[in-house]
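Structure at a glance
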Amino acid sequence: SLLAEGMSPKKLKVLFISNSRRQVFLFSQLLGEPVTWDYHVILLYTTRSHEHWIFDFDSKLEFPVLFAEYATKTFPMPIYLEKWHRIFFRAIPILSYHSQFHSDRSHMLDENGSPLHPFPPYPAIEIADEFSKIPLRDYADMRKKLNDGSSVYSYERFIKKLGFELGNIS
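None of these values were measured; they are calculated from a predicted model. (Residues numbered from 1 in each chain as written. Predicted model: local features only at pLDDT ≥ 70, side-chain atom pairs only at ≥ 80, totals over all residues. Heavy atoms only, no water.)

**Here we look at unusual backbone geometry**
Rule in force here: Note on conventions: DSSP H or I runs of at least 4 residues are helices, E runs of at least 2 residues are strands, and numbering of each starts at the N terminus.
A cis amide bond links E33 to the next residue, P34, at an omega of -20°. The backbone of R22 shows a phi angle near 55°, a positive value even though the residue is not glycine. Looking at the element boundaries, R22 is found in the loop between β1 (12–18) and β2 (24–26). Of note, the phi angle at S28 is positive, near 60°, even though the residue is not glycine. Examined against the element boundaries, S28 turns out to sit in the loop between β2 and β3 (35–37).

This is the structure in structure tokens:
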């Protein structure tokens, strides 16, 4: 894990990418161009010199890749998106995510309770503390306020937060 490699947890954020329609269009994905995800999860690492690196296991880009390149090659320009397809980020401190994220795989079932796709070979992610667990559906809901230190940003606000000008990214 990145934490075991000495990366400071303060410099690592899990980014959930979604919107109110649960339809985000992303380019440079291994599955094709564009891919429509209901949500997508990546990792952001910020170095001491304020470089921002993205770790995306579903991307065709370098691994890791600098955020500016990732944003330019992955996200559609906001001016071309309908309001309901605008991209939002939920930035979650890595330690909160590790201690609170819960996925029982219910999002992978159809209305009859049958799997939509084969489950991954690893076990579902369960945590012991029932009171602090946050299910995947709550992380992907950009309207929901969570008690985990996370913040939700529009694409434009997130770009600005990282110190970029929107015109220099898209």
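**Here we look at the environment of D38**
Here is the rule: When accessible area is computed with a 1.4 Å probe and restricted to protein chains, residues below 20% of their type maximum are described as buried, those above 50% as exposed, and intermediate ones as partly exposed. Pairs of residues are marked as contacts when any of their non-hydrogen atoms sit within 4.5 Å.
Relative to the elements of secondary structure, D38 occurs in the loop between β3 and β4 (40–46). When its relative accessible area of 40% is taken as the criterion, D38 is described as partly exposed. Distance from D38 to A140, taken between C-alpha atoms, is 8.3 Å for residues 102 residues apart in sequence. Residue contacts for D38: discarding those within four places in its chain leaves I17, S18, R22 and Q23.

**Focus on helix α1 (residues 67–74)**
Here is the rule we go by: It is the directions from the helix axis to the C-beta atoms whose arc is reported.
Every buried residue of α1 is accounted for by F67, Y70, A71 and T74. When α1 is viewed along its axis, its buried side chains cluster within an angular range of 95° and face the same direction.

**Concerning the sheet that holds strand β6 (residues 65–66)**
Stated formally: For two strands to be treated as a pair, DSSP must find at least two bridges joining them.
With antiparallel pairing, six strands are arranged side by side in an open sheet as β6-β5-β4-β1-β7-β10. The open sheet has two free edges, formed respectively by β6 and β10 (151–154), since each of these has just one partner strand. Examined bridge by bridge, β4 and strand β5 (residues 52–55) share four bridges and lie antiparallel to one another. If you follow L44 over to β5, its bridge partner there is I54.

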